[in-house]
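# Residue-level structural notes
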Amino acid sequence: MRKEKIFTLKNNYRDDMNIYGYRFGRGDKAACIVGSIRGNEVQQLYICSQLVKALKELEEKGAIVHDNEILVIPSVNHSAMNIGKRFWATDNTDINRMFPGYHAGETTQRIAAGVFQAIQGYSFGIQFPSFYIPGDFVPHVRMMDTGFQNASLANLFGLPYVVIRKPRPIDTATLNYNWQVWNTNAFSIYTSATSHIDEPSARMAVSSVLRFLTRMGILRYTSHSGYIASVIHEDDLTNVKNDLPGLYRRHMEPGQEVHRGDVLASIIDPMEGEIISQILSPTDGIVFFAHHAPTVMEGTIIFKIIRRLHE
Amino acid sequence: MKKDDNIKTVAAVGLAVDEKLRVLKHVLQPRQLTGTEKRICIVTGTHGDELEGQYVCYELNRIIQEQIECLKGIVEIYPALNPLGVDSISRGIPMFDLDMNRIFPGSEEGSVAEHVAARIVQDIAGADLCIDIHASNIFLREVPQARVNVNVAHNLLPFATRLNLDFVWVHAAATVLESTLAHSMNSIGVPTVVVEMGVGMRITEHYGHQLTDGILCVMKDLGIWDGEVIEPKKPIVSEDGEVGFVNANAPGIFLPCVEHWKNVEKGQLIGRILNPLDGTVEEPVCAPIGGRLFTLREYPVVSCGSLIARVLGGEFA
């Protein structure tokens, strides 16, 4: 394992922010893994830290296949994490909306450019991001529909689902999108948590990456085969919204099978405690996403359901 | 919140506890309608920390209502597309990750913010002109200017050059800007001019008067207003002019030594980045090209990369 500084941002009022990369093996740029880009992506940081630990042990055992290099960047935005912010500490911009970056541009453009320069040219790019709508997901691999994506490769992670997202204009500045455009097969892996550590889904994520690297001939590692993923398009998910605002009580969990008419959640009057609305499933299927905050605005997407899929 | 028959709700969403998010507009129209009136929409407050448009909305409301007999068309004033943001000094929509001006045209099927965006687009649709007033951010001061995408410049310049602005910046298209309100409105046939002026979290009163006078001129051009108007300024129009960007290369405290909207020579000192801990100058900041300084850093603390200034290249009287 070689630890090196990928990028340094000089600061005046706090320590310089150093972005570190951990390299394993030598040779062709085989795979690059990027963890937390937002300050609240603690789960993503934890997963990468566990990957660094696992890869270090595997490298010591000679398990990295000759002529392959793996780069892991666990944290890109600890300046925000250290002060409890999600986005860049001074101007609230999102580094994951700044790719490919610009070395002479604004602060977060420079950070994105510094990182992107280091992570280009790898055959496979794996990112642990978080979604713009807060809530809990079934663990899955997400890819942008750029025309360069390869869903059958995403299947090799052995996670239950592969989701293809049609990019919108704002997505064109994300790392995943730009990796793909610059000829890296890019995958985003979502687990069940962001701002707290969820050990079971973190372990699942670490295993999925090691499984993928093994199947791509980069690593010698024996693991469970995982799932043969169901490939779904994001637009095909059924969004379920609540009709009334209030306190929110969830009755179904991500991954659970539901039937048309099942009660997914209850909305409770925040002053009087009565149930004022019950949100029913409009379809049979599997819960893919579920809102988790204790309060809810009217018309919030509280569930996303994979239609007509059974356990 | 005031009630008035002419105050209309564009979008309303119930919040968790006894409150609604409401996007409101004030509709001003002649006492007698013929059915052929033209309609102009004045929108602002997409970013909750940009307040310059608030004063323009107030002034337009005041002037039009004082001379209602001069009103020959329909004026719709939307002071806060992001009312929770304006109220809570939040640039974005509170509890929502994406910049509101990156989710247009919105979607009825999407998140709450996307639903609100879709309602706003539906509401403005069919207008003869829309003016979308922004106020930079808390970091930079902008001279009153229109920002016009080059792809729609031929449609917008006749309006943008009559708004009594100092500058019209015709800029290149960018994919990410396809999700702005202006792009969405322009693509459904509502000419929409983005105005940037002043600085975030502040109101520059004379800029407010300057733009209000310009909007009345354009209203007169459209036949919406027949009251007295000024002869608007002739703005500098940059269609292919070089723009020089000045970014900090060291962290510290930026102190300018030039005035905003003045000419600078190539290499001229614009200001210095200072280190208050050890009393040194971290970086003398110089103009990259000669021209007119149209953007200048307002917020003193800078990081590596912070934008300090923009200079429009050329010679100006």
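Residues numbered from 1 in each chain as written. Chains lettered and ligands numbered in written order. Predicted model: local features only at pLDDT ≥ 70, side-chain atom pairs only at ≥ 80, totals over all residues. Heavy atoms only, no water.

A few words on the pairing of strand S7 (residues 140-144) of chain A. All names here are of chain A. Burial within S7 is extensive, with 5 of its 5 residues counted as buried. Going residue by residue along S7, you find His 140, Arg 142 and Met 144 tucked away on one face and Val 141 and Met 143 tucked away on the opposite face as well. With 5 bridges joining them, S7 and strand S8 (residues 161-165) adopt parallel strand pairing. Counterpart to Met 143 in the pairing with S8 is Ile 164. Relative to strand S9 (residues 185-190), S7 runs antiparallel, the two being bridged by 3 bridges. Opposite Arg 142, over in S9, you have Ser 188 as the bridge partner. (Buried < 20%, exposed > 50% of the residue type's maximum accessible area, 1.4 Å probe, protein only. Helix = DSSP H or I, 4+ residues; strand = E, 2+ residues; numbered from the N terminus. Pairing = 2+ DSSP bridges.)

The subject of this paragraph is the domain arrangement of chain B. All names here are of chain B. By domain assignment, chain B separates into domain 1 (3-237) and domain 2 (241-316). Its C-alpha centre places domain 1 at a distance of 30 Å from the equivalent point of domain 2. In this assembly, 14 residues from domain 1 lie in contact with 16 residues from domain 2. Interface of domain 1 and domain 2: buried area, both sides summed, is about 1,300 Å²; carbon and sulfur atoms make up 70% of it. (Domains from an automatic or database assignment. Contact = heavy atoms within 4.5 Å. Buried area = accessible area lost by both parts, 1.4 Å probe.)

Right, let's get into the side chain of Ser 281 of chain A. All names here are of chain A. Here Ser 281 is to be found in the loop between strand S15 (275-280) and strand S16 (285-290). Judged by relative accessible area, Ser 281 falls into the buried class, the value being 3%. At 2.6 Å, the side chain of Ser 281 and the backbone oxygen of Thr 283 are in polar contact. (Polar contact = N/O pair within 3.5 Å; in protein donor to acceptor, adjacent residues only side chain to side chain.)

This paragraph deals with the sheet that holds strand S10 (residues 230-233) of chain A. Either a parallel or an antiparallel arrangement is found when strands of a sheet pair, and the pairing is made through backbone hydrogen bonds. All names here are of chain A. Strand order in the open sheet formed by 9 strands is S1-S2-S4-S3-S5-S9-S7-S8-S10, and the pairing between neighbours is mixed. The open sheet terminates on both sides in strands that have one partner only, identified here as strand S1 (2-9) and S10. Averaged over all neighbouring strand pairs, the angle between strand axes comes to 25°, with direction disregarded. (Axes fitted to C-alpha atoms, helices over the stretch in contact; angles between N-to-C directions.)

This paragraph deals with empty space enclosed by the protein. The method is simple in principle: a probe with the dimensions of a water molecule rolls over the atoms, and the space it marks as empty is what remains. All names here are of chain A. Within this structure, the stated rule accounts for 1 cavity of 30 Å³ or more. Its boundaries defined by the atoms lining it, the largest cavity holds a volume of some 210 Å³. Around the largest cavity, the lining is made up of 17 residues, and of these Asn 96, Met 144, Asp 171, Thr 174 and Tyr 190 lie nearest the centre. Taken together, the elements giving at least two residues each to the lining of the largest cavity come down to S7 and S9. With 3 residues, S7 is the largest single contributor of residues to the lining of the largest cavity. (1 Å grid on protein atoms, 1.4 Å probe; cavity = no way out; pocket = protein on both sides within 12 Å on 5 of 7 lines; lining within 4 Å. Points joined across faces, edges and corners; volume = space filled by probe spheres on them.)

Residue and element names in this part refer to chain B. The N-to-C vectors of helix H1 (residues 52-66) and helix H6 (residues 205-222) enclose an angle of 50°; their axes lie 9 Å apart at closest approach. Taken together, the axes of H1 and H6 are oblique relative to one another. For the crossing formed where H1 meets H6, the hand is right-handed. Residues Tyr 55, Val 56, Glu 59, Leu 60, Ile 63 and Ile 64 of H1 lie in contact with H6, whose contacting residues are Glu 205, Gly 208, His 209, Leu 211, Thr 212, Ile 215, Leu 216 and Met 219. For the contact of H1 with H6, the per-class residue count stands at 9 nonpolar, 3 polar and 2 charged. (Parallel < 35°, antiparallel > 145°, perpendicular 65-115°, else oblique. Left-handed = near helix turned anticlockwise from the far one by under 90°. Nonpolar A, V, L, I, M, F, W, Y, C, P; charged D, E, K, R; others polar.)

Of the consecutive residues Phe 99 of chain A and Pro 100 of chain A, the connecting peptide bond is found in the cis state with omega at 10°. Tracing the backbone shows Pro 100 of chain A in the loop between helix H2 (78-81) and helix H3 (107-119). The linkage connecting Phe 104 of chain B with the following residue, Pro 105 of chain B, adopts the cis geometry, with an omega of 10°. Mapped onto the fold, Pro 105 of chain B is located in the loop between helix H2 (83-88) and helix H3 (112-124). Phi at Asn 183 of chain A takes a positive value of approximately 70°, unusual for a residue other than glycine. Its location among the elements puts Asn 183 of chain A in the loop between helix H5 (175-181) and S9. A positive phi angle, near 65°, is found at Met 201 of chain B, a position not held by glycine. Within the secondary structure, Met 201 of chain B is located in the loop between strand S8 (192-198) and H6.

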